[in-house]
Amino acid sequence: MTDTQPAAPEEQQAKPPAEESFGQRFMRELTSGSILVTILSVVLALFIGAILIAASDPEVQEPAKYFFSRPGDTLSAAWDSVSSAYSALFTGSIIDINEYTVGRALRPLAETATNAAPLIAAGLGVALAFRAGLFNIGAEGQIILGAILAGYVGFGMHLPTGLHLIVGVLAGIVGGAIWGGIVGVLKARTGAHEVIVTIMLNYVARFFIAYLLTTAAFQRPGASNPVSPIVDESAQLTRFFDDSRLHLGFVLVLLAAFGVWWLLERSTMGFEFRAVGANPNAARTAGMSVSRTYIWVMLLAGGLAGLAGVMQVLGTERYLTAGISAGIGFDAITVALLGRASPWGTVAAGLLFGALRAGGVPMQAGTGTPIDIILVIQSLIVLFIAAPPLVRAIFRVPVRSAGQPVAGLQRGWGA
């Protein structure tokens, strides 16, 4: 027997957890959740990249021959090599403090934004499909189709200023949406796996543009190389500065990110996307049309990737080539993964990868560091993002307790 009185029924009932504010949730994620793991993954990739930079530098290799007699020489040379390489990377991607005007000093940041814009657009397309449980590996082909249609409108049709640009942008979005919609229809109607279909469509798109650039309708008159005419000035995305390639597409991609956020978080269609991504069987039982969701999500994902193609042909390059996609579709998968399939996370990841692209060339030119190390760093980031237990073990980050779900990836990946 005990003297303890049983608790009142009201007291026995568990109090509902108080709803976290945005700041509280952000701090919890920052200190113990996926955001911390993401940041640590980048840090770890940069650390390993530093080791590779030092190991590939001949000025470090020379003192390394007598490392055990004078280790300070090797460590000093390694520090100089790594610090100069990363300093050049920063200078080439963020700000060049050696310039005399603010505009020229910030030109690297504009180049970062220019590189980031198509990455973000295509990354949003990949991330949106991920949220619905689909692996959209076909952003590369969707970018190409978007670029083909936008480019043809740009140089093949001569419309009034303003209307020409609008039609070109819409044509590119439609081109990507059609290419993505094919995947959605095949997935919904026949059950064809989207990974296989998208990979095959990438090849089709690559050879399709190579063929088109040999035809009279697409090849530049008088040119022996497979390049198209330059798009009309009325169809070009306006550049903000004379000595920079930064164009209106960066603003469009930020609006697209807001639109994807609104779609996922504030609309019924976005709720269906997330429900199907979490559990298609449960969504079907609840009365949702899984097939229709697959079609719609791939149409939208393809349209976003097509927007990336628009930026390439109407903003950055301004003419079509067989390599107009520049591998952006494959990097977009990494961007979406790093951004954990959230719209604003994809924006941040796109800016990071845009900075790596913008700063890689100055780093190689200024220090002789192989630009391939940038690709290694990008790959390592993906590797560590895909293996959160490894990152947690290295940095001794506590495992998230049960009952603290993180909005983000629904299937396939988990922190």
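As the structure is a computational prediction, the values presented were derived from the model and not from experiment.

1. Observations regarding helix α12 (residues 268-278)
An α-helical segment advances 3.6 residues per turn. Residues three or four places apart therefore align on the same side.
No. 1: Among the residues of α12, those classed as buried are Gly270, Glu272, Phe273, Ala275, Val276 and Gly277.
No. 2: Structurally, α12 contributes buried residues whose contacts are with α7 (107-131), α11 (249-266), α13 (280-285) and α14 (290-316).

2. Focus on the packing of aromatic side chains
No. 1: Counted according to the given criterion, the structure contains six aromatic pairs.
No. 2: Relative to Phe135, the ring of Phe130 lies with its centre 5.3 Å away and its plane at 70 degrees, an arrangement referred to as edge-to-face.
No. 3: Given the relative accessible area of 28%, Phe135 is considered partly exposed.
No. 4: Here the aromatic cluster, defined as three or more aromatic residues joined through ring pairs, consists of Tyr152, Phe155 and Phe218.
No. 5: Between Lys187 and the ring centre of Tyr294, over which it is positioned, the NZ or CZ distance is 5.6 Å.
No. 6: The positively charged end of Arg220 is found above the aromatic ring belonging to Tyr319, 5.2 Å away from the centroid.

3. A closer look at the pattern of salt bridges
No. 1: As enumerated under the stated definition, the model contains six salt bridges in all.
No. 2: One salt bridge in this structure joins Glu194 and Lys187, with 3.1 Å as the shortest N-O distance.
No. 3: Residue Glu194 is classed as buried on the basis of its relative accessible area of 3%.
No. 4: Taking the shortest distance from any N to any O, the salt bridge between Asp331 and Arg357 comes out at 2.5 Å. Note that Asp331 is positioned in helix α15 (residues 328-338) and Arg357 in helix α16 (residues 343-367), a separation of 26 residues in sequence.
No. 5: Taking the relative accessible area as the measure of exposure, Arg357 reaches 26% and is therefore partly exposed.

4. Some thoughts on unusual backbone geometry
No. 1: One non-glycine residue, Arg318, adopts positive backbone phi at about 70 degrees.
No. 2: Looking at the secondary structure, you find Arg318 in the loop between α14 and α15.
No. 3: Positive phi, close to 55 degrees, is recorded for Arg340, a residue that is not glycine.
No. 4: Along the polypeptide, Arg340 turns up in the loop between α15 and α16.
No. 5: For Arg340, a relative accessible area of 15% gives the class buried.

5. Quick look at the packing of α7 against α15
No. 1: Contact geometry of α7 with α15 gives a least axis separation of 8 Å together with a crossing angle of 60 degrees. The angle between α7 and α15 falls in the class oblique. The crossing of α7 and α15 is right-handed. Residues Pro118, Leu119, Ala122, Gly123, Val126, Ala127 and Phe130 of α7 lie in contact with α15, whose contacting residues are Ile328, Asp331, Ala332, Ile333, Val335 and Ala336.
No. 2: Tallied by class, the residues present in the contact of α7 with α15 amount to eleven nonpolar, one polar and one charged.

6. Here's the deal with the confidence of the model for the chain
No. 1: In this model, the chain carries a mean pLDDT of 87, and residues with pLDDT of at least 70 account for 88%.
No. 2: Note that residues 402-415 has pLDDT below 50 and, in this model, 27 contacts with residues that lie over four places away or in other chains.

7. As for α16
No. 1: Over its 25 residues, α16 runs 35 Å from end to end, which matches the ideal 36 Å to within 8%, given 1.5 Å per residue.
No. 2: Along its length, α16 shows its largest kink, about 30 degrees, at Gly359, and proline Pro362 lies within four residues downstream of that point.
No. 3: At the exit of α16 stands Gly368, carrying a positive phi of roughly 80 degrees.

8. Remarks on the environment of Leu299
No. 1: Take Leu299: it is sitting in helix α14.
No. 2: Judged by its relative accessible area of 28%, Leu299 falls in the partly exposed class.
No. 3: In sequence terms Leu299 and Ala129 are 170 residues apart; their C-alpha atoms lie 9.7 Å from each other.
No. 4: Excluding anything up to four places from it in sequence, Leu299 contacts Ala177 and Gly181.

9. A short note on the nonpolar core
No. 1: Counting 104 residues, the largest nonpolar core has Leu128, Leu314 and Leu320 as its most contacted members.
No. 2: Here the element with the most residues in this core is α7; it accounts for 14 residues.
No. 3: Once you skip the residues sitting within four places of it in the chain, Leu314 turns out to touch Ala150, Leu165, Gly168, Val169, Val231, Ala235, Gln236 and Leu237.

Reading the values: the criteria
- Residues numbered from 1 in each chain as written.
- Predicted model: local features only at pLDDT ≥ 70, side-chain atom pairs only at ≥ 80, totals over all residues.
- Heavy atoms only, no water.
- Buried < 20%, exposed > 50% of the residue type's maximum accessible area, 1.4 Å probe, protein only.
- Helix = DSSP H or I, 4+ residues; strand = E, 2+ residues; numbered from the N terminus.
- Contact = heavy atoms within 4.5 Å.
- Phe/Tyr/Trp six-rings, centres within 6.5 Å; stacked < 30°, edge-to-face > 60°.
- Lys NZ or Arg CZ within 6 Å of the ring centre and 35° of its normal.
- Salt bridge = Lys/Arg side-chain N within 4 Å of Asp/Glu carboxyl O.
- Axes fitted to C-alpha atoms, helices over the stretch in contact; angles between N-to-C directions.
- Parallel < 35°, antiparallel > 145°, perpendicular 65-115°, else oblique.
- Left-handed = near helix turned anticlockwise from the far one by under 90°.
- Nonpolar A, V, L, I, M, F, W, Y, C, P; charged D, E, K, R; others polar.
- pLDDT = per-residue confidence, 0-100.
- Expected span 1.5 Å × (residues − 1).
- Bend = angle between axes of the 7 residues up to and from the residue.
- Core = buried A, V, L, I, M, F, W, Y, C linked by side-chain atoms within 4.5 Å.

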